[in-house]
Amino acid sequence: MAGPTDWQRRRGPGWRVVMGKELAEGLTSLRFLILLGLLSLAAAGPVYAASGAIRDAAERASGAAAVFLALFTIGADPVPSFVGLVGFLAPLLGIAFGFDAINGERAQGTMPRLLSQPIHRDDVINGKFAAGLAMIAVAVTGTMLLVAGIGLLRLGIVPSLGEVARLVVWLALTIVYIGMWLAFATLCSVVVRRAATSALIAIGVWLALSLFGVLLARLVASFIDPTGATGAPADALAHAQLEQQLSAISPGTLYSQATTALLTPSATNVTVPGLAQLIQLSQQIPTQLSLDQSLLVAWPQIVILVAITIACFVLAYVGFLRQEVRA
């Protein structure tokens, strides 16, 4: 087996070279700056709009645990919470960095020249995906620090070590969630030859799952169990559980449930329907879960999100390796 070339010894593994090239271009691109600005506005808006509610909550809960986390989870009507906005808007980051990852190179005619370099073919898609994840991590981390800074300056709330640990885990979860959309957009970029078409497909799926996911779950549940919603209380509860199970197919629902478990230490179950959850909360003794206990609550959702991300990337990886590239 031949050893590495001098070029590879100087530059390192091929995917790192591709990643460095993509980062150098992406971090200074107008696309990244616009998306970062929009995400920052989405972060600052809820905090300023909800500052009164947060102050009231902090005053009533003086000395209580997890007050700092309220900056991320409390909203003020009609502005949703920060984590709610992230769950809805952040997928656009993944789509924006992935929809033209492969077909964009083809459209510009640079793919044959890129593959003519002394790198393996899979280094191209690996490097592009790694660069996209890195830019997503930079954007989300900066936004989270912005919200934390606003909390420190405006409200004087200092986070505890436990709250910082929860935010770090939530940050990793958010990167995985957006990375799932990056992998899906990359798959669309491999399968579809036109970048505009792949962007429309990815955005269409995102909007369908985000805006109509609950409606679709209700329609399917009504088709499966047409009389459960108007039947006896036990039947109505079973029907609500069926709706919840069907709505969990949506990545946004999975992310929201995992976020609730991580940023709300008192959440002991995030998968029961709303009415049953209220009954359960009214009957249980108030308690604060540790981080590892909250991770156990959120673990099923995290595993499913990671599995979807891996599946989308593997499909994109295999599809790209099998495609013919012509000069």
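Residues numbered from 1 in each chain as written. Predicted model: local features only at pLDDT ≥ 70, side-chain atom pairs only at ≥ 80, totals over all residues. Heavy atoms only, no water.

Scanning the protein chain from N- to C-terminus turns up 16 helices and 0 strands. The buried share of the protein chain, reckoned over its 327 residues, is 41%. Sequence-distant contacts in the protein chain: of pairs separated by 6 or more residues, those separated by 24 or more amount to 79%. Just so you have it, the protein chain exposes about 16700 Å², and 66% of that area is on carbon and sulfur atoms. (Helix = DSSP H or I, 4+ residues; strand = E, 2+ residues; numbered from the N terminus. Buried < 20%, exposed > 50% of the residue type's maximum accessible area, 1.4 Å probe, protein only. Contact = heavy atoms within 4.5 Å. Areas by Shrake-Rupley, 256 points an atom, 1.4 Å probe, with all protein chains shown as cover.)

This next bit is on the pattern of salt bridges. The tally for this structure, following the rule as stated, stands at 5 salt bridges. Residues Glu-22 and Lys-21 are paired through a salt bridge, measuring 3.5 Å at the closest nitrogen-oxygen approach. For Lys-21, a relative accessible area of 34% gives the class partly exposed. Note that Lys-21 is salt-bridged to Glu-25, the shortest N-O span being 3.7 Å. Taken together, the residues Lys-21 and Glu-25, both in helix 2 (residues 14-26) and 4 residues apart, mark about one turn of the helix. (Salt bridge = Lys/Arg side-chain N within 4 Å of Asp/Glu carboxyl O.)

We now examine the state of the cysteines. A full pass over the atoms with the stated rule returns 0 disulfides. With no disulfide of its own, Cys-188 has Cys-312 as its nearest cysteine by sulfur position, at a separation of 8.4 Å. Judged by relative accessible area, which is 7%, Cys-188 ranks as buried. Cys-312 sits in the buried class, given a relative accessible area of 12%. (Disulfide = S-S within 2.5 Å.)

In this structure, Ser-250 sits in the loop between helix 13 (233-247) and helix 14 (251-263). Counting along the chain gives 55 residues from Ser-250 to Leu-305, while the straight-line C-alpha distance between them is 9.9 Å.

The next subject is the confidence of the model for the protein chain. The share of residues in the protein chain with pLDDT of 70 or more is 76%, and the mean pLDDT across the chain is 79. In this model, residues 1-11 is a region of pLDDT below 50 whose contacts with residues beyond four sequence positions or in other chains number 6 contacts. Ignoring residues within four places in sequence, the model shows residues 273-283, a span with pLDDT below 50, making 10 contacts including any to other chains. (pLDDT = per-residue confidence, 0-100.)

This brings us to helix 2. Over its 13 residues, helix 2 runs 18 Å from end to end, which matches the ideal 18 Å to within 8%, given 1.5 Å per residue. Looking only at helix 2, the buried set comprises Gly-14, Val-17, Val-18, Met-19, Glu-22, Leu-23 and Gly-26. (Expected span 1.5 Å × (residues − 1).)

With that settled, consider the packing of helix 14 against helix 16 (residues 291-322). Any two packed helices are characterised by the angle at which their axes cross and by the distance between the axes. Following both chains from N to C, one finds helix 14 and helix 16 inclined at 160°, their axes separated by 8 Å at the closest point. When the interaxial angle is binned, helix 14 and helix 16 end up roughly antiparallel. Read as a crossing pair, helix 14 and helix 16 show a hand that is left-handed. Contacts between helix 14 and helix 16 pair Pro-251, Leu-254, Tyr-255, Gln-257, Ala-258, Ala-261 and Leu-262 from the former with Ser-294, Leu-295, Val-297, Ala-298, Gln-301, Ile-302, Ile-304 and Leu-305 from the latter. For the contact of helix 14 with helix 16, the per-class residue count stands at 12 nonpolar, 3 polar and no charged. (Axes fitted to C-alpha atoms, helices over the stretch in contact; angles between N-to-C directions. Parallel < 35°, antiparallel > 145°, perpendicular 65-115°, else oblique. Left-handed = near helix turned anticlockwise from the far one by under 90°. Nonpolar A, V, L, I, M, F, W, Y, C, P; charged D, E, K, R; others polar.)

Next up on the list: the nonpolar core. Counting 76 residues, the largest nonpolar core has Phe-72, Phe-82, Leu-93, Phe-97, Trp-170 and Leu-173 as its most contacted members. With 15 residues, the single largest contributor to this core is helix 11 (residues 161-191). (Core = buried A, V, L, I, M, F, W, Y, C linked by side-chain atoms within 4.5 Å.)

On to a nonpolar patch on the surface. On the surface, a nonpolar cluster with roughly 600 Å² of combined accessible area is contributed by Ile-203, Leu-207, Leu-211, Phe-212, Leu-215, Leu-216 and Leu-219. Mapped onto the secondary structure, Leu-207 falls in helix 12 (residues 195-224). (Patch = residues over 30% accessible without salt bridge, like charges linked within 9 Å, V, L, I, M, F, W, Y side chains within 5 Å.)

What follows covers the side chain of Thr-309. Residue position: Thr-309 is located in helix 16. When its relative accessible area of 13% is taken as the criterion, Thr-309 is described as buried. The residues contacting Thr-309, other than those within four sequence positions of it, are Val-176, Gly-179, Met-180 and Ala-183.

Of note, Gln-288 is situated in the loop between helix 15 (274-283) and helix 16. Judged by relative accessible area, Gln-288 falls into the partly exposed class, the value being 46%. Sequence-wise, Gln-288 and Ser-266 are 22 residues apart; in three dimensions their C-alpha atoms are separated by 4.8 Å.

So, about the packing of helix 7 (residues 91-98) against helix 11. The contact between helix 7 and helix 11 brings their axes to 7 Å, and the two run at 30°. For the pair helix 7 and helix 11, the sense of crossing is right-handed. Taking contact as the criterion, the partners of Pro-91, Leu-93, Gly-94, Ile-95, Phe-97 and Gly-98 in helix 7 are, on helix 11, Tyr-177, Ile-178, Trp-181, Leu-182, Ala-185, Thr-186 and Ser-189. Across the contact of helix 7 with helix 11, the residue classes tally to 9 nonpolar, 4 polar and no charged.

Mapping Thr-259 onto the fold places it in helix 14. Of the residues examined, Thr-259 reaches a relative accessible area of 5% and is grouped as buried. If near-sequence neighbours (up to four positions away) are discounted, Thr-259 is found in contact with Val-83, Trp-170, Leu-173 and Thr-264.

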